[in-house]
Amino acid sequence: ASLGTLLVALQHEFGVPFVHVTHDPGEALRIGGRTIALEGGRVVAAGRADEVLSGLRGRVAALGSDNWLRGIVLEDGGDGARVDLGGTVVVTPPLGRAPNDTVVLQLPAEDVLIATGEVRGTSARNVFPGEVVAIDAADGGIDVIVATPVRLRARVTRAAVAELALAPGNRVWLLVKASAFRAAD
């Protein structure tokens, strides 16, 4: 077992709060309950790890354009796994996990495609509706944040934003290949 797994088990067993310092976003999601981000010795964000990491993206280069997602394994077999991210169920490659295990997934924003109409007949194992909640300029493109209800970040070009007329409030469909997801722990 990893140190993070051991720490979480000890915390649950003894009910003792602890402080863990990390620079690894995946680790923060795996073991963090309440997360505090520091910059120059000052608190710049606090809250759930996924919310803090999402809010820091664009300010912290190490976070890149990846989506960091904590979920519960529903099933895991030879063809792949199904993971509940908290209202959005995704299909991933096999993870080697038992049902009800917690897993942290990494999904590059560049691997999330956006369609403005419902999509059928695609090889993408993950196609789900959502609503654009924000559009942010980012290094190398534009990040479109979509609530599915889980917030996912898609990296697109300025031309794509213009051609698709993307704006907050728009209904869109996200397409993600199962192979785009990676277990981060």
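Summary of the structure given here. Bear in mind that the values here come from a model prediction, so they are computed numbers and not experimental data.

Quick notes on the rules
- Residues numbered from 1 in each chain as written.
- Predicted model: local features only at pLDDT ≥ 70, side-chain atom pairs only at ≥ 80, totals over all residues.
- Heavy atoms only, no water.
- Pairing = 2+ DSSP bridges.
- Helix = DSSP H or I, 4+ residues; strand = E, 2+ residues; numbered from the N terminus.
- Core = buried A, V, L, I, M, F, W, Y, C linked by side-chain atoms within 4.5 Å.
- Buried < 20%, exposed > 50% of the residue type's maximum accessible area, 1.4 Å probe, protein only.
- Contact = heavy atoms within 4.5 Å.
- Salt bridge = Lys/Arg side-chain N within 4 Å of Asp/Glu carboxyl O.

### Concerning the pairing of strand 1 (residues 34-39)
Step number 1: One ladder, built from 6 bridges, connects strand 1 with strand 2 (residues 42-48); its direction is antiparallel. From the neighbouring strand, Leu38 faces strand 2, where its bridge partner is Val43.
Step number 2: Hairpin connection between strand 1 and strand 2: a loop of 2 residues separates the two successive antiparallel strands, and Gly40 in this loop has a positive phi of roughly 60°.

### Notes on the sheet that holds strand 5 (residues 89-92)
Step number 1: One open sheet accounts for 5 strands, arranged 5-4-3-6-12; its pairing is antiparallel. Each edge of the open sheet is held by one strand with a lone partner, namely strand 5 and strand 12 (182-183).
Step number 2: Note: strand 6 (residues 102-108) against strand 12, 2 bridges, orientation antiparallel. Residue pairing in the sheet places Gln106 in a bridge with Arg182 of strand 12.

### A word on the nonpolar core
Step number 1: Ranked by size, the top nonpolar core spans 29 residues in total, and within it Leu69, Val83, Leu105, Leu107, Ile114, Val144 and Leu174 carry the most contacts.
Step number 2: When residues of this core are traced back to their parent elements, those giving at least two are strand 3 (66-76), strand 4 (81-84), strand 6, strand 8 (126-138), strand 9 (141-147), strand 10 (151-156), helix 4 (158-164) and strand 11 (171-176).
Step number 3: With residues near it in sequence (within four places) discarded, Leu174 still touches Val112, Leu113, Ile114, Asn126, Val127, Phe128, Val146, Thr148 and Leu152.

### Concerning the environment of Ala180
Step number 1: Inspection of the secondary structure puts Ala180 in the loop between strand 11 and strand 12.
Step number 2: As a C-alpha pair, Ala180 and Ala109 span 71 residues in sequence and 9.7 Å in three-dimensional space.
Step number 3: Residues within four places of Ala180 in sequence aside, it is in contact with Gln106, Leu107, Pro108 and Asp111.

### Focus: the pattern of salt bridges
Step number 1: Applying the stated criterion to the full structure yields 5 salt bridges.
Step number 2: Across the pair Arg82 and Glu75 runs a salt bridge, and its minimum N-O distance is 2.9 Å.
Step number 3: Taken together, the shared-partner salt bridges connect Glu110, Asp143, Arg153 and Arg155 into one network.

### Details of unusual backbone geometry
Step number 1: Following Thr148, the chain continues to Pro149 via a peptide bond in cis, the omega torsion being 20°.
Step number 2: Among the secondary structure elements, Pro149 is positioned in the loop between strand 9 and strand 10.
Step number 3: A positive phi angle is found at Asn100, which is not glycine, with a value near 80°.
Step number 4: Position of Asn100 relative to the elements: it lies in the loop between strand 5 and strand 6.
Step number 5: In this structure, Ala165 is a non-glycine residue whose phi angle is positive, near 55°.

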